[in-house]
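# Chain and residue survey
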Amino acid sequence: MKKTRNVAIAGVGQTKHRGHREDVNLAELVSEAVEEVLADSMVDLSDIDAIVHGNMELFEGVHQPDMWHVIADGGYGKAGYRITTGGTTGTTLVSAADHLVASGMHDLVLAIGFEKQEEGMTTTGITNMSCPLWDREVQTGAITGTTGVIMMNKFGQKAEEAAAELRVLMATNARKNFKAHLRLDITRKDVLDSRVLAWPLRLLHMCPESNGACAMLFASEEMAKKLPQKKVWMHDHVTIHRQEFFDFAHLEDLNTHGEAARIIYTRNGIVNPIKQIGVFEMYDPSSWWALDWLGKFLFMENGEQIDMVLNGDFAIDGKFPVNPSGGVVSTNPIGATAIIRVAEAALQIRGDADDHQVPRDINLALASGFGGTFWTVLHLLGKDKPNH
Amino acid sequence: MFIPEKLPVDKKYCGGKRGLMSIPYRYYAGLFLSKALIALRDEKKILASRCPRCGKVFMPPRSRCERDFAKITELISVGPGGVVEEFTVVNYDEPYFMEKCEKMMKAPFTMALIKLDGADTKFLHRVKGTDIKHGDRVAPKWADERSAAITDIEWFEKA
């Protein structure tokens, strides 16, 4: 991607993500993340030029949360943008903030993603993404067993074992991350014994509903030089949209994850992602999708990722660490979910991920967002400035 | 106005669909602002919040100052009397609201932005009657049964 100027991540802030936050209102929840990003970046709010703000439409039943949150994000007198692209909202927030800085429009941009899922009925928002004439009444969001069926037909019982093992790995990672929502102590058997939602997708394969917010600060190169926090550089990002209607069984007509990865790898000279990329924070709404998508992002056409899961290659100390944070199956405040992927990837590069830090130097990190009828936003971050 | 029966307009050539979008929600005030709601119920007291940095007193109370992002932790008693700063007379009872909403008032009455004594911001409530003008002093009429909501004040009336 050709950029006018380089953009750095100058700070990261997150709330603890929890199932219940009756102690705070929506604005107070958001301000917790903003407070933390200001402390992390050691920047004064008055230096920030613009705020990019996002969540899922209708999830809390609030029409203009960006207006409410002027008190929560210090937006008074600043430029404000609201972004809502479904599950990918958080990664789109990052893309937008990156563009706003790279273009020269602003020097310091704050991006905030949030969701307080206990306050609304997500079905209201989700069903309204479907056309009222043809399929709105049966729209249910992300609970689908199709990918699991396809994988079991192709790879047999091994796939089911691997999906369960991947869920156990996410739980193991989440227990090291005190901000994660579900920090479960589970075994493969627990996963396979949990209730069937849509066979072979089971309750424990699926992401929870969480309350939380995540804020990130983006700075121009010139501004970043003056800031004290360790920098992480925005190298590249790609957004791939698909058609409006659902067709989960024929995803190969446009493999959005694979296409996004192909573009990112090609543009950035990545020939061996497993060797060159130090950590991958992947948007994994369910462990079945995660198992399939690892193959798509890593171009494994024969299900090699299944053996890698069973070998423990995606563990924090494995060959290619995936979601050291515990992933989306552990933490899912939807408007924040995708920006958490980028924030966690940045913390890993900085070496500031505390107990869930990957135990080696990371030069490049990948973070993905997923939403809609299979849309992908993919970000590549680096420890060093990109060579444009 | 939206009249559901009017869709589709042309039944012969124009198709479409009627529907109802239901948006249930529950909104948590948070521990800090809940204190102000509970004071309405238990003490018939109106609590506003004061910014520790600029001193601005927010009624309705806010837990952050919109100007300087200071976290507000202090609640102070304001009112109960105040001044009508802006107003409009309501002359129409919307049937939908009269049927669906609790504690509606029959028109005619006045909706007013009232600045309570000691507050720096105005808040919205209804004032009994229509003979209201800018600068009138008003006082709250408390409900006998209170539920920690702004409707614990039934209306304001001229003092």
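Residues numbered from 1 in each chain as written. Chains lettered and ligands numbered in written order. Predicted model: local features only at pLDDT ≥ 70, side-chain atom pairs only at ≥ 80, totals over all residues. Heavy atoms only, no water.

## Side note on the overall build of chain B
Each helix and strand counted, chain B has two helices and eight strands in total. When the elements of chain B are put in sequence order from the N terminus, they spell out α-β-β-β-β-α-β-β-β-β. Considered along the principal axes of its C-alpha atoms, chain B spans approximately 65 × 40 × 30 Å. Here chain B, with 159 residues, has 36% of them falling under the buried criterion. Once local pairs closer than 6 in sequence are excluded, the contacts in chain B between residues at least 24 apart make up 50%. A distance of 5 Å separates the average location of the 29 positive side-chain charges in chain B from that of its 22 negative side-chain charges. (Helix = DSSP H or I, 4+ residues; strand = E, 2+ residues; numbered from the N terminus. Buried < 20%, exposed > 50% of the residue type's maximum accessible area, 1.4 Å probe, protein only. Contact = heavy atoms within 4.5 Å. Lys, Arg positive; Asp, Glu negative; His and termini not counted. Charge placed at Lys NZ, Arg CZ, Asp CG, Glu CD.)

## Details of the state of the cysteines
Residues and elements named next belong to chain B. A full pass over the atoms with the stated rule returns zero disulfides over all chains. Left unpaired, C51 is separated from the closest cysteine sulfur, that of C54, by 3.6 Å. On the basis of relative accessible area, C51 is assigned to the buried category, the value being 2%. (Disulfide = S-S within 2.5 Å.)

## Observations regarding the domain arrangement of chain A
Residues and elements named next belong to chain A. Considered domain by domain, chain A is made up of domain 1 (7-123 + 210-224) and domain 2 (137-208 + 234-382). Measuring from the centre of the C-alpha atoms in domain 1 to the corresponding centre in domain 2 gives 23 Å. Each side of the interface is counted separately: domain 1 has 40 residues, and domain 2 has 33 residues. Summed over both sides, the interface of domain 1 with domain 2 buries roughly 2700 Å², with 63% coming from carbon and sulfur. Remark: the boundary between domain 1 and domain 2 carries two salt bridges. (Domains from an automatic or database assignment. Buried area = accessible area lost by both parts, 1.4 Å probe. Salt bridge = Lys/Arg side-chain N within 4 Å of Asp/Glu carboxyl O.)

## Some thoughts on the nonpolar core
Residues and elements named next belong to chain A. F280, L291 and F314 are the most contacted members of the largest nonpolar core, which has 54 residues in total. Considering every element that reaches this core, the biggest residue donor is helix 12 (residues 287-297), with seven residues. Sequence-distant contacts of F280, that is, excluding residues within four places in its chain, are made with L294, F297, F320, P321, V322, N323, L366, A367, S368 and L378. With 37 residues, the next largest nonpolar core counts L93, A97, V279 and V342 among its residues. (Core = buried A, V, L, I, M, F, W, Y, C linked by side-chain atoms within 4.5 Å.)

## Some points on the environment of A111(A)
All names here are of chain A. By the element assignment, A111 lies in strand 4 (residues 108-116). For A111 and V94, which are 17 residues apart along the polypeptide, the C-alpha to C-alpha distance reads 6.6 Å. Excluding residues within four positions of it along the chain, A111 makes contact with V52, L93, A97, C214, A215, M216, F218 and I339.

## Examining the interface of chain A and chain B
Contacts between the two partners involve 31 residues from chain A and, on the opposite side, 23 residues from chain B. The junction of chain A with chain B conceals about 2200 Å² of combined surface from both sides, 59% of it contributed by carbon and sulfur atoms. Taken as a group, I71(A), Y76(A) and E119(A) account for 27% of the area that chain A buries against chain B, more than any other trio of residues on that side. Between chain A and chain B we count two salt bridges in total. Put simply, R64(B) and E35(A) hold a salt bridge, and the shortest N to O gap is 2.8 Å. Our count for the chain A to chain B interface comes out at twelve residue pairs in polar contact (both at pLDDT 80 or more). Among the elements of the structure, helix 1 (26-41) and helix 3 (70-73) of chain A are those that each provide at least two residues to the side of chain A that touches chain B. By residue number, the principal contributor to the side of chain A that touches chain B is helix 1 of chain A, which donates six residues. Looking at side-chain class alone, the side of chain A that touches chain B contains 13 nonpolar, seven polar and eleven charged residues. (Polar contact = N/O pair within 3.5 Å; in protein donor to acceptor, adjacent residues only side chain to side chain. Nonpolar A, V, L, I, M, F, W, Y, C, P; charged D, E, K, R; others polar.)

## Remarks on the packing of aromatic side chains
Throughout the structure, instances matching the rule amount to 14 aromatic pairs over all chains. Residues Y265(A) and F299(A) carry aromatic rings whose centres are separated by 5.9 Å and whose planes lie at 70° to one another, so their mutual orientation is edge-to-face. Of the two residues, Y265(A) is situated in helix 10 (residues 256-267) and F299(A) in the loop between helix 12 and helix 13 (304-311); the sequence distance between them amounts to 34 residues. Aromatic ring contacts, followed pair by pair, group Y283(A), W289(A), W293(A), F370(A) and F374(A) into a single cluster. Sitting above the plane of the W233(A) ring, K385(A) keeps its charged end 5.9 Å from the centroid. In this structure, R64(B) is placed above the aromatic ring of F69(B), and the distance from its NZ or CZ to the ring centre is 4.3 Å. (Phe/Tyr/Trp six-rings, centres within 6.5 Å; stacked < 30°, edge-to-face > 60°. Lys NZ or Arg CZ within 6 Å of the ring centre and 35° of its normal.)

## So, the sheet that holds strand 1 (residues 46-50) of chain B
Residue and element names in this part refer to chain B. Pairing in this open sheet of three strands is antiparallel, and the strands run 2-1-3 from one edge to the other. In this open sheet, the two edge strands, each paired with only one partner strand, are strand 2 (57-58) and strand 3 (74-78). Where strand 1 lies against strand 2, two bridges are found, and the strand directions are antiparallel. Bridge pairing in strand 2 links S49 to F58. Seen against the sheet, helix 1 (residues 30-43) touches strand 1 and strand 3 and runs at an angle of roughly 155° to strand 1. (Pairing = 2+ DSSP bridges. Axes fitted to C-alpha atoms, helices over the stretch in contact; angles between N-to-C directions.)

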